[in-house]
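Understanding the architecture of this molecule
The chain contents come next:
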Amino acid sequence: MNHPKVGIRPTIDGRERGVRESLEAQVMTMAQTTASFISANLKYPDGQPVECVIADTCIGGVAEAAATAEKFERSGVGVSLTVTPAWCYGAETLDMDPHIPKAIYGFNGTERPGAVYLAAALAGHNQKGLPAFGIYGRDVQDAGDTTIPGDVAEKILRFVKAGIAVAMMKGKSYLSLGGVSMGIAGSIVDADFFQSYLGMRNEYVDMTEFLRRMDEEIYDKAEFEKALAWTKKYCKEGKDYNTKPKSQREKAVEWEKVVKMAMLTRDMMAGNPKLIEMGFREEGLGHNAILAGFQGQRQWTDYQPNGDFLEAILNSSFDWNGRRPPYLVATENDSLNGVAMLFGFLLTNTAQMFSDIRTYWSPEAIQRVTGTKPEGAAANGLIHLINSGASALDFTGMQEIDGKPAVKPWWEITDTEVEQCLEATTWYPAITEYFRGGGFSSEFLTRGGMPVTISRINLVKGLGPVLQIAEGYTVYLPGEMNRILTQRTNPTWPTTWFVPRLTGKGAFKSVYSVMANWGANHCASSYGHIGADLITLASVLRIPVNMHNVEEERIYRPSAWSMFGSDKEGADYRACKNYGPLYQ
């Protein structure tokens with residue numbers, strides 16, 4: 001894959017015959033050290049190390065800045081990081097590309113004023129309307145010290161992760177498979193949002209394309225046989241809760257269809273060289289989609305199998321071909337929740353979970369219906385995350401890090417963990433009250449104790465997009481308590497019990513207030529507490545954050561944001577409005 005690269009810009013005091021010559025080695029060493037650090041600590045979604053491109057020379061003035069910009073454009077650079085230990089000529093050495101995320105790392109040393117250049121260059125960026133992140137260590141280092149302090153390392157990684165995510169979205173597509181699902185606002189796909197804020201285009205395919213490709217056999221038949229055999233071996237079928245169960249013959253036909261639907265969705269998103277070999281070049285090229293959404297309900301699911309299998313399998317980190325990066329698919333074509341999934345995936349390289357943020361259970365209500373009061377993490381109540389079986393199987397929690405339940409990048413998952421995720425999942429015949437056309441819904445119970453961040457993009461008329469974030473943990477409920485609560489909703493769908501971390505203020509005053517302030521009926525879940533990374537990413541895209549429970553010291557935005565007032569969240573809104581969408 002041709003990934004966006006990080007461009008390292010070593011800037012230098014351009015005064016020759018003494019000054020520049022004394023700095024050349026130190027400046028270029030700083031660039032090389034920073035590049036090596038980034039490549040050693042960050043990976044692309046395919047598992048390859050993030051690549052860095054260093055300018056051919058140190059940048060002492062505008063001619064070298066222009067030459068570096070030309071090299072970066074040829075090399076596919078999507079993120080710009082300027083590094084220096086010394087004073088440089090600010091406006092002459094700036095990166096002037098308005099669409100590339102940029103940061104400046106000024107070395108904290110006393111021999112040369114790197115901090116002075118950092119401040120001058122950031123002032124230049126702010127004056128020119130080109131927001132940039134400032135990186136400066138807390139402690140003074142010796143001139144010959146090439147180590148990267150922990151606080152500097154944290155900012156470099158946070159910035160680069162956000163920048164790479166922005167660069168990877170640019171030029172890609174959101175593929176809308178169908179139209180609006182049941183009047184859900186997020187499935188009213190807003191092309192201007194994708195174009196202006198994310199640099200993405202929109203592709204639209206009617207769901208009849210699934211029928212055409214099945215009828216005309218536009219799929220890899222050998223792969224289908226492999227996929228069907230794998231499904232029969234690893235996807236165990238559960239009890240049929242319908243009052244009029246279908247015959248095993250009818251279910252066998254539905255299994256074949258849902259497996260084909262998964263293959264067809266992937267092919268429409270990413271293309272498939274095998275289809276080109278078969279003579280279907282147009283279909284084989286795909287839609288260059290980094291994200292898709294499947295409408296399903298109701299025009300499709302009233303007479304065809306639901307999309308739960310295709311969504312669950314594609315969103316997972318494995319299938320019949322083994323472990324691989326997830327293909328992100330939003331349930332009910334909720335493009336805005338899909339974008340939240342995309343943000344989480346690009347920041348972590350892990351599978352994301354699509355859920356309804358369905359029910360707040362107070363401790364009093366739990367005690368009333370189960371006879372037992374919840375304890376521990378659930379003592380203040382909890383939120384039931386559940387959807388119609390489309391959640392990534394990684395969120396069974398059967399993968400582990402240091403013996404604790406986790407969701408890992410696909411290249412770190414073991415074959416045993418894949419089988420354990422599949423074993424922990426049961427595929428129940430779809431409830432025909434919801435899905436008249438049948439199909440199968442996955443069911444599992446997420447293990448407790450996992451750090452999780454839920455997020456959501458919402459569109460507000462007159463304001464634009466806003467992001468909301470809640471860090472918290474998955475919770476284990478005792479068997480009988482879990483059984484009673486899940487039976488009250490739908491026993492054929494996957495359950496995740498979630499408790500947000502409370503701050504005692506605003507939307508995070510209580511678990512109930514988090515639920516009450518959530519902006520839509522869906523949320524995206526990502527393993528780990530990545531709220532700070534999401535905030536940084538949102539600031540690059542000029543999307544304000546309307547609720548979060550991230551500690552203030554972890555919040556990292558461009559330096560210009562501090563010019564918009566001392567109230568961090570109000571300043572975020574004002575800065576985003578002032579600069580407007582990244583690609584406007």
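A short tour of the structure in this document, coming up. Since this is a predicted model, take the numbers as computed values, not measurements.

A few words on the overall build of the protein. A count of helices and strands for the protein gives 19 helices and 22 strands. Computed over its C-alpha atoms, the radius of gyration of the protein comes to 25 Å, within 12% of the 25 Å expected for a compact globule of 584 residues. Each principal axis of the C-alpha distribution contributes one length, and for the protein these read about 90 × 60 × 45 Å. If you average the places of the 58 positive and of the 67 negative side-chain charges in the protein, the two averages end up 3 Å apart.

Attention now goes to the packing of helix α14 (residues 363-370) against helix α16 (residues 479-487). Orientation of α14 relative to α16, taken along the N-to-C sense of each, is 95°, at an axis distance of 10 Å. Our classification of the angle between α14 and α16 gives roughly perpendicular. Contacts from Ile-366, Val-369 and Thr-370 in α14 reach Met-481, Ile-484 and Leu-485 in α16. Grouping the amino acids of the contact of α14 with α16 by side-chain chemistry returns five nonpolar, one polar and no charged.

Moving on to the pairing of strand β3 (residues 77-84). Residues in a regular strand project their side chains so that they alternate between the two faces of the sheet. Of all eight residues in β3, eight are buried, a share of seventy percent or more. Note that strand β1 (residues 5-10) and β3 share six bridges and pair parallel. Residue pairing in the sheet places Lys-5 in a bridge with Val-77 of β3. Sheet topology places β3 next to strand β4 (residues 102-106); five bridges connect them, and they run parallel. Looking at the pairing, Val-83 lines up with Tyr-105 of β4.

Here five strands make up an open sheet; going across it, the order is β2-β1-β3-β4-β5 and the pairing parallel. This sheet does not close on itself; its edge strands, each paired only once, are β2 (52-54) and β5 (133-136). Ignoring strand direction, the axes of neighbouring strands in this sheet form an average angle of 25°. Where helix α1 (residues 19-41) meets the sheet, it contacts β1, β2, β3 and β4, and its direction lies at approximately 160° from that of β1.

Moving on, we come to the packing of aromatic side chains. Inspection of every chain in the model, using the stated rule, returns 23 aromatic pairs. Between the aromatic rings of Trp-410 and Trp-411, the centroid separation amounts to 5.9 Å while the plane-to-plane angle is 85°, which identifies the pairing as edge-to-face. The partly exposed category is assigned to Trp-411, whose relative accessible area is 25%. Both rings, one in Tyr-434 and one in Phe-435, keep their centres 6.1 Å apart while their planes meet at 35°; by these two values the pair is tilted. Judged by its relative accessible area of 2%, Phe-435 is buried. Following the ring pairs from residue to residue traces out a cluster consisting of Tyr-174, Phe-193, Phe-194 and Tyr-197. Directly above the ring of Tyr-219 sits Lys-221, whose terminal nitrogen or CZ lies 5.8 Å from the centroid.

A word on the side chain of Thr-331. Residue placement: Thr-331 occurs in strand β11 (residues 329-331). A residue is classified by how much of its surface remains accessible, and Thr-331, at 3% relative accessible area, is buried.

One pass over the structure, following the stated rule, counts 34 salt bridges. With a closest N to O distance of 2.9 Å, Arg-212 and Glu-283 form a salt bridge. Of this pair, Arg-212 sits in helix α7 (residues 208-215) while Glu-283 sits in helix α11 (residues 281-285), and the two are 71 residues apart along the sequence. Glu-471 serves as the salt-bridge partner of Arg-554, at 3.2 Å between the closest nitrogen and oxygen. In this pair, Arg-554 is assigned in the loop between β22 (545-547) and α19 (568-579) and Glu-471 in strand β19 (residues 464-474), connecting sequence segments 83 residues apart. Residues Arg-554 and Glu-471 agree in their burial class; the two are buried. Salt bridges sharing common partners tie together Glu-209, Arg-212, Arg-213, Glu-216 and Glu-283.

Position of Leu-342 among the secondary structure elements: in helix α13 (residues 335-348). It is 9.9 Å that separates the C-alpha atoms of Leu-342 and Tyr-327, two residues lying 15 residues apart in sequence. Contacts of Leu-342, omitting those with residues within four sequence positions, involve Met-169, Met-200, Ile-290, Leu-291 and Leu-328.

Before going further, it helps to examine the sheet that holds β11. Taken in spatial order, the four strands make up an open sheet running β7-β6-β8-β11, and their pairing is parallel. The open sheet has two edge strands with one neighbour each: β7 (201-205) and β11. Geometrically, the sheet is characterised by an average inter-axis angle of 20° between neighbouring strands, direction not taken into account. Note: strand β8 (residues 289-294) against β11, three bridges, orientation parallel.

Rules of the game
Residues numbered from 1 in each chain as written. Predicted model: local features only at pLDDT ≥ 70, side-chain atom pairs only at ≥ 80, totals over all residues. Heavy atoms only, no water. Helix = DSSP H or I, 4+ residues; strand = E, 2+ residues; numbered from the N terminus. Rg over C-alpha atoms; globule rule 2.2 N^0.38 Å. Lys, Arg positive; Asp, Glu negative; His and termini not counted. Charge placed at Lys NZ, Arg CZ, Asp CG, Glu CD. Axes fitted to C-alpha atoms, helices over the stretch in contact; angles between N-to-C directions. Parallel < 35°, antiparallel > 145°, perpendicular 65-115°, else oblique. Contact = heavy atoms within 4.5 Å. Nonpolar A, V, L, I, M, F, W, Y, C, P; charged D, E, K, R; others polar. Buried < 20%, exposed > 50% of the residue type's maximum accessible area, 1.4 Å probe, protein only. Pairing = 2+ DSSP bridges. Phe/Tyr/Trp six-rings, centres within 6.5 Å; stacked < 30°, edge-to-face > 60°. Lys NZ or Arg CZ within 6 Å of the ring centre and 35° of its normal. Salt bridge = Lys/Arg side-chain N within 4 Å of Asp/Glu carboxyl O.

Keep in mind these numbers describe shape, not what the thing actually does.
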